[in-house]
Amino acid sequence: RSRLCQDHFFSNHSHQLTAMTTAIDSDYIETELSKAKAQLHRLRKLEQEQRERQNQRAGQSLEHSYAAQTHDGVAAVTLFHRAIRAQDEINFLEMQRDVVTLVRELAEKRREDDANKAVGTATGSVLELLTKATETCTSLGLLLLRHPPLNELIVANDSNESKNDNANDGNGKSNQFHRALTNWYNTLHDSSLHIAVSSFSRQLRKCAPEFPSNERSSSIILHSFQDPSSELGRVTRCLVELQIVKDALDLQCRLQNYLSRHSQMESVTQPTPEFYRPLSWRWLVIDELCRPLAERLRFHFLEEQTGLVTVANSTTQNEERMGTGVASPKQKPSNMDRFPEWLFRYLKEVVDNHKTHSIVMVQGLQPLVDSVMESLILESSLVDNDFELEDDVKYLGTEDGDNSAVKHNFLKAAEILQHLKQNVYSHSHIYFLREVSRMARHALRAKSFFHHPDVVGMECSDCTIVLRGIEQLFLFDSFVEETIHKFVVESEQTVEDTIDPLISPPKLTDSFLSTNEDLMEWWMTQERLGAIHLLEKCASSTLSSSQSQKGPSQKSLEIGHSSNENETLKSQPLFPAISELFAALIHSGRKKSTSFSDNRSQHLYIANVIAPLCSIFVDLIHTEAS
């Protein structure tokens, strides 16, 4: 049924696009396009002559100069409007020309498919139809990228003028045709994307049903991604290509809106990284690769009947009933005490041991995405004909010809794709780790671990449970950072160039510790008291005893005997044990403080834990020295 629906959809919209351009004559388009370009060139010459006359009248009297400037201003506005109309005509004719070429190619492919069906050589599979729909969608999307609407340029340069003209109110012929093509593209893209996502999920289950439970399944997916003839690889390319072109069109629209809002400024600032990808942006192919992991995570940790913690708890209770377990009121078994440890161990095993990060993402998916992106950039570069407006119109209506809003409004399709590659589509491994961290965060929140009465409530008789849970948060955040750093070192990049703030993995310490002020304060108190207790215990047992082992007379005698100097240096400790312990505590505190993303949590930890620890250490050393 889906195959018939896709075939009908592809055929229907191909005929619609053919009907839109059947009556268009290619020779007529070329003739009219040449006339419009010639008219635009004449307007450019008139504008240059007007500027020369304005320079010649620079030495006239004030009254004559004012009248001349008024006349020149009116003439400039007139020239600008005429140039806009000429440019609108050029855009419309160029779009018609490219659409006619596209429709002829589609019609030719359609005839070939009909001929293959007649002789029985065409398969008519969903994959074949998806590939054809993707090619059509990509060709139409690149066409729209090469011909952006003209209305934002009008707003940026002529916002205070009358909008009675069709070209000035955003309803010129080129804009109307652009909107019609955009509507057709959106309909085709939505249907094709839906089929691509479902086909990818189906091929993934067929190709590697055990993924991500072992390394073998990751290797199978890697081989499918590297083999261009495999069904999973072909579906993946279609899915990636559909999303890239759609994101490029969305970026072009956001860029025009951004320039329109900043059109009154003297200079247009460079957009922030957040500009290139909205907060709600999703990487569809990675989402589908993460879906099996999410389902296994829910089965093992969140289901009431199958969760690991539930099974462990029931096993312990059965042992107690049979007399094999020890049950006491002070040692009541809890099904939550080791939940973070088991959860993070499972995720680390999937990411590291099963090679889902290194094999599937780094070696498999990212090269495939890079290949699709490079092919799109190359295709758009070969056929990217930048507007004549950049040479002839951008100077009209301006005094110095340096309107940055006009220049940046006409980014080429290849430049937009390059922006997407640099800011978004080069970070598949980081996006995957972000999703893994978000799964862990969701599981902890679903179980309400740091709000559970067996962990932090009055019923909890062992405060080390929550301390071990917080320790697991730091360990998992450190594991994610080390995994990213390992890839950065291997790719010879810098962390700043690799990690995009919007797709960087969330820190679990920020999610569960920094945001809970009561828990944060209690934990810092426990950290401070524990560290101070270790220092004081070490000082009382080692520092005084190490100093009493040698008196001043013995030290003076050893200095005079050069023969025993080496043996004395070897037997004498370089640092007392308390200094080594203090260095270890400071290093641990530094790692924990830098694990927080916000400065407030870092400063609180330093003020409440590290600073008191340093004061106690100095006091202990001073006491022993005195």
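Calculation criteria
- Residues numbered from 1 in each chain as written.
- Predicted model: local features only at pLDDT ≥ 70, side-chain atom pairs only at ≥ 80, totals over all residues.
- Heavy atoms only, no water.
- Salt bridge = Lys/Arg side-chain N within 4 Å of Asp/Glu carboxyl O.
- Helix = DSSP H or I, 4+ residues; strand = E, 2+ residues; numbered from the N terminus.
- Buried < 20%, exposed > 50% of the residue type's maximum accessible area, 1.4 Å probe, protein only.
- Expected span 1.5 Å × (residues − 1).
- Arc of directions from axis to C-beta.
- pLDDT = per-residue confidence, 0-100.
- Contact = heavy atoms within 4.5 Å.
- Phe/Tyr/Trp six-rings, centres within 6.5 Å; stacked < 30°, edge-to-face > 60°.
- Lys NZ or Arg CZ within 6 Å of the ring centre and 35° of its normal.
- Axes fitted to C-alpha atoms, helices over the stretch in contact; angles between N-to-C directions.
- Parallel < 35°, antiparallel > 145°, perpendicular 65-115°, else oblique.
- Nonpolar A, V, L, I, M, F, W, Y, C, P; charged D, E, K, R; others polar.
- Left-handed = near helix turned anticlockwise from the far one by under 90°.

## Some thoughts on the pattern of salt bridges
Point 1. For the structure on display, the rule yields 15 salt bridges.
Point 2. Glu435 is the partner of Arg282 in a salt bridge, and the nearest nitrogen-oxygen pair spans 3.0 Å. Within this pair, whereas Arg282 is found in the loop between helix H8 (231–261) and helix H9 (284–302), its partner Glu435 is found in helix H16 (residues 428–447), the two being separated by 153 residues in sequence.
Point 3. The exposure class of Glu435 is buried, given its relative accessible area of 8%.
Point 4. Note that Glu527 is salt-bridged to Lys592, the shortest N-O span being 2.9 Å. Of this pair, Glu527 sits in helix H20 (residues 517–548) while Lys592 sits in helix H23 (residues 577–595), and the two are 65 residues apart along the sequence.
Point 5. Via salt bridges that share partners, Arg282, Asp287, Arg434, Glu435 and Arg438 belong to a single interconnected network.

## Describing helix H11 (residues 339–353)
Point 1. For H11, with 15 residues, the first-to-last C-alpha span of 20 Å sits near the 21 Å given by 1.5 Å per residue.
Point 2. Of the residues making up H11, those classed as buried are Phe339, Pro340, Leu343, Phe344, Tyr346, Leu347, Val350 and Val351. On an axial view of H11, the arc spanned by its buried residues comes to 155°, and they lie on one face.
Point 3. After H11 finishes, the residue Lys355 shows a positive phi value of roughly 60°.

## Regarding the confidence of the model for the protein
Point 1. Of the residues in the protein, 60% reach a pLDDT of 70 or more, and the chain-wide mean stands at 75.
Point 2. Per-residue pLDDT stays below 50 along residues 324–333; that stretch engages in 9 contacts with residues further than four places along the chain or on separate chains.
Point 3. Throughout residues 553–562 the model reports pLDDT below 50, and contacts reaching past four residues in sequence, or to other chains, amount to 4 contacts.

## Quick notes on the environment of Lys537
Point 1. Residue placement: Lys537 occurs in helix H20.
Point 2. Counting along the chain gives 41 residues from Lys537 to Ile578, while the straight-line C-alpha distance between them is 9.2 Å.

## Here we look at the packing of aromatic side chains
Point 1. One pass over the structure, following the stated rule, counts 16 aromatic pairs.
Point 2. Between Phe582 and Phe617, the ring centres sit 4.0 Å apart and the planes meet at 10°, which makes this aromatic pair stacked. With a gap of 35 residues between them, Phe582 in helix H23 and Phe617 in helix H24 (residues 599–625) connect regions that are remote in the sequence. For the pair shown, Phe582 and Phe617 are each scored as buried.
Point 3. Lying over the aromatic face of Phe512, Arg445 brings its terminal NZ or CZ to 5.9 Å of the ring centre.

## Describing the packing of H23 against H24
Point 1. Their axes nearest at 10 Å, the elements H23 and H24 cross at an angle of 170°. By the angle between their axes, H23 is roughly antiparallel relative to H24. Facing Ile578, Ser579, Phe582, Leu585, Ile586, Gly589, Arg590, Lys592, Ser593 and Thr594 of H23, the residues of H24 in contact are Gln602, Tyr605, Ile606, Ile610, Leu613, Cys614, Phe617, Leu620 and Ile621.
Point 2. For the contact of H23 with H24, the per-class residue count stands at 12 nonpolar, 5 polar and 2 charged.

## Describing the packing of H11 against H16
Point 1. Packing of H11 against H16 brings their axes to within 11 Å, and their N-to-C directions diverge by 160°. The orientation of H11 relative to H16 falls into the category roughly antiparallel. Crossing of H11 over H16 shows right-handed handedness. Touching Phe339, Pro340, Leu343, Phe344, Leu347 and Val351 of H11 are Phe432, Leu433, Val436, Ala440, Ala443, Leu444 and Lys447, all from H16.
Point 2. For the contact of H11 with H16, the per-class residue count stands at 12 nonpolar, no polar and 1 charged.

## Focus on the side chain of Ser428
Point 1. Along the chain, the position of Ser428 falls in helix H16.
Point 2. In contact with Ser428, other than residues within four places in its own chain, are Trp283, Ile286, Met361, Leu365 and Gln366.

## A short note on the environment of Leu127
Point 1. With respect to the helices and strands, Leu127 occurs in helix H4 (residues 126–146).
Point 2. By relative accessible area, which is 14% here, Leu127 ends up buried.

## Here's the deal with the environment of Val99
Point 1. Looking at the element boundaries, Val99 is found in helix H3 (residues 62–119).
Point 2. Note on Val99: relative accessible area 0%, which makes it buried.
Point 3. For Val99 and Leu140, which are 41 residues apart along the polypeptide, the C-alpha to C-alpha distance reads 8.1 Å.

## Quick word on unusual backbone geometry
Point 1. Backbone torsion omega between Phe211 and Pro212 reads 5°, so that peptide bond is classified as cis.
Point 2. Checked against the element boundaries, Pro212 lands in the loop between helix H6 (173–207) and helix H7 (215–226).
Point 3. Although it is not a glycine, Lys355 adopts a positive phi angle of roughly 60°.
Point 4. As for its position among the elements, Lys355 is in the loop between H11 and helix H12 (356–383).
Point 5. A positive phi angle, near 50°, is found at Ser448, a position not held by glycine.
Point 6. Tracing the chain through its elements places Ser448 in the loop between H16 and helix H17 (464–491).
Point 7. With a relative accessible area of 33%, Ser448 lands in the partly exposed category.

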